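For reference, the chains in residue letters:
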Amino acid sequence: MNRLLDQILRHFISSGRLCVLWPDGGQTVYEGSKPGPKAAMVLHDHAVERALALNPGLAFGEGYMNGQITPKDCTLYELLDLLMLNAMSPGHLPEQIAATFRYACRSWIQFNPVKRSRQNVAHHYDLDSRLYDLFLDKDKQYSCAYFRKGDETLDEAQAAKKHHIASKLLLNKPGLEVLDIGCGWGGMALTLAKDYGAIVTGITLSEEQLSIARQRAKAEGLEGRVRFEMLDYRNLHRKFDRIVSVGMFEHVGVRHYGQFFEVIKRSLVPDGVALIHSIGRNDGPGTTNPWINKYIFPGGYSPALSEVFASVEKSGLWVTDCEVLRLHYAKTIALWRERFAAQRARAVALYDERFARMFEFYLDAAELSFRVQGHMNFQIQLAPALESVPLTRDYMGEAENSVK
């Protein structure tokens, strides 16, 4: 037994119960004073004990990926549920020190000039597109879905998300020119063109997504209304009637927020409207988990609304509407996890077992970040002019309810 890790866990577990089976064959049960989940794990070697004591935010995910940590008589999700719930309470001094250091360095960690942004995007979004086919909906929406009733299928909820966003763009006449920043595989842009008569330019830094988006536009006969470009938002130099960005703001980086909103303002016509959809955090400014930063989204960060609003205010844009979606992404990722688990063997065939472990760890932790660690999604509507949108939100509901 690693005595340092043992002492840390005695202070760390304040809710629920954790059973640890040590590499030497011993077993320890850590019982919190408050009710909570119960789980157990096996530590297979002393190296992972030391790593967990010094840098658990990185070491736990790596230990699971490498087979040094395995859940016992529970799922990975159940084990993470217990650990992530307890992580919300102070009690792990080395991790608190590490988090303080990450916060002090976050300006550098999130420094995303054009070249580095392309590298960061390629790390995740240029993976084999067949991987994403294993768990995404048919439109390849890789962002928070929208559950109007709560019992929608993934495809229904993702379609509802697109129309919910469209309702906030005030697409009240055909032929409006729309910019889609971070267009993914093209689903939003194609929907705005097909269903709302918009002329859409989608920009991305992902070679893989760009190729598929262009193929889709051609296959649907929309090349005349939708075009996709490999372009960084900072290199935009034209005006649009509307701007939409879904799931891209998380990759901007705090030190670039001012520049981002300056680009939004200069790229909108005087009566234009923009809608930014992003993951956020409810507990104030923070840092990105080091495992997520290393293996999933390098340079990424989910901001607090206070950080976003401070930059918007400096830009001179009006915040004309803001909505917080609390558990919608948790429900979305739960469906992704279920679909990925059903296709896990195919993920192993595409990459290997270690990669499949990495991805399931990512999905489990991502869902739980919304359920127990204060993450959420927000949608902010922005406009350069005071009277760009109607006085009330009625137009949004009318547009959304008109979708067949």
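Above this text is the structure in question.
Since we're looking at a predicted model, the values are computed, not measured. (Residues numbered from 1 in each chain as written. Predicted model: local features only at pLDDT ≥ 70, side-chain atom pairs only at ≥ 80, totals over all residues. Heavy atoms only, no water.)

Peer 1: Can you tell me about the packing of helix α9 (residues 154-168) against helix α18 (residues 394-401), naming the residues and giving the values?
Peer 2: Close contact between α9 and α18 brings their axes to 8 Å; oriented N to C, the two are set at 140°. Of the possible angle classes, the one that applies to α9 and α18 is oblique. The element α9 and its partner α18 pack so that their crossing is right-handed. Contacts between α9 and α18 involve Ala160, His163, His164, Ser167 and Lys168 on the former and, on the latter, Tyr395, Met396, Ala399 and Glu400. Among the residues making up the contact of α9 with α18, the classes are represented as 4 nonpolar, 3 polar and 2 charged. (Axes fitted to C-alpha atoms, helices over the stretch in contact; angles between N-to-C directions. Helix = DSSP H or I, 4+ residues; strand = E, 2+ residues; numbered from the N terminus. Parallel < 35°, antiparallel > 145°, perpendicular 65-115°, else oblique. Left-handed = near helix turned anticlockwise from the far one by under 90°. Contact = heavy atoms within 4.5 Å. Nonpolar A, V, L, I, M, F, W, Y, C, P; charged D, E, K, R; others polar.)

Peer 1: Break down the packing of aromatic side chains for me, citing the residues and quoting the values.
Peer 2: With the rule as written, the count across this model stands at 27 aromatic pairs. Each ring, one from Phe135 and one from Tyr142, has its centre 6.0 Å from the other, and the planes form 70°; the classification is edge-to-face. Its relative accessible area of 0% is what places Phe135 among the buried residues. Ring centres of Tyr351 and Phe355 lie 4.1 Å apart, and the angle between their planes is 20°; this geometry places the pair in the stacked category. Over the ring of Trp185 we find Lys140, and its NZ or CZ is 4.8 Å from the ring centre. (Phe/Tyr/Trp six-rings, centres within 6.5 Å; stacked < 30°, edge-to-face > 60°. Buried < 20%, exposed > 50% of the residue type's maximum accessible area, 1.4 Å probe, protein only. Lys NZ or Arg CZ within 6 Å of the ring centre and 35° of its normal.)

Peer 1: With reference to specific residues and values, describe helix α12 (residues 257-267).
Peer 2: Those residues of α12 that fall on the buried side of the exposure criterion are Tyr257, Phe260, Phe261, Val263, Ile264 and Ser267. For α12, the angular spread of the buried residues around the axis is 150°, confining them to a single face. (Arc of directions from axis to C-beta.)

Peer 1: How would you sum up the sheet that holds strand β8 (residues 240-246)? Please name residues and give values.
Peer 2: Here 7 strands make up an open sheet; going across it, the order is β7-β6-β5-β8-β9-β11-β10 and the pairing mixed. Taken across any chain shown, the strands that pair with only one partner, and hence form the sheet edges, are β7 (226-230) and β10 (318-325). Neighbouring strand axes in the sheet, compared pairwise and without regard to direction, differ in orientation by 15° on average. (Pairing = 2+ DSSP bridges.)

Peer 1: An account of the sheet that holds strand β2 (residues 27-31) is requested, with residue identities and associated values reported.
Peer 2: Spatial strand order, β2-β1-β3-β4: 4 strands in an open sheet with mixed pairing. Taken across any chain shown, the strands that pair with only one partner, and hence form the sheet edges, are β2 and β4 (69-71). Taken over all neighbouring pairs, the strand axes of this sheet differ in orientation by 25° on average, direction set aside. For strand β1 (residues 15-21) and strand β3 (residues 34-43), the ladder comprises 6 bridges, and the chain directions are parallel. Considered in β3, the bridge of Ser15 is made with Lys34. This element, helix α1 (residues 3-12), spans β1, β2 and β3 of the sheet and lies at about 25° to β2. The strands touched by helix α3 (residues 56-65) are β3 and β4; relative to β4, the strand with the most contacts, the crossing angle is about 80°.

Peer 1: Talk me through the environment of Met376; I want residue IDs and the actual numbers.
Peer 2: When you line up the elements, Met376 lands in strand β11 (residues 375-383). With a relative accessible area of 5%, Met376 lands in the buried category. Taking C-alpha positions, Met376 is 25 Å from Leu192, a pair spaced 184 residues apart along the chain. Setting aside chain neighbours within four positions, we find Met376 in contact with Ser278, Ile279, Gly280, Arg281, Leu305, Val324, Leu325, Arg326 and Phe370.

Peer 1: How would you explain unusual backbone geometry if you had to name every residue and give the values?
Peer 2: If you check the backbone angles, Asp73 has positive phi at about 55° while not being a glycine. Looking at the secondary structure, you find Asp73 in the loop between β4 and α4 (76-87). For Asp73, a relative accessible area of 74% corresponds to the exposed category. Of note in the backbone geometry, Leu170 takes a positive phi value of approximately 55° without being a glycine. Its location among the elements puts Leu170 in the loop between α9 and β5 (177-181). For Leu170, a relative accessible area of 12% puts it in the buried group.

Peer 1: Could you give an account of the pairing of β8, naming the residues involved and the relevant values?
Peer 2: Across the 7 residues of β8, 6 count as buried, placing the element largely inside the fold. Alignment of β8 against strand β9 (residues 268-281), held across 6 bridges, turns out to be parallel. Bridge pairing in β9 links Val244 to Leu275. Crossover connection from β8 via α12 to parallel β9: handedness right-handed. (Right-handed = clockwise from strand over helix to strand, strands pointing away.)

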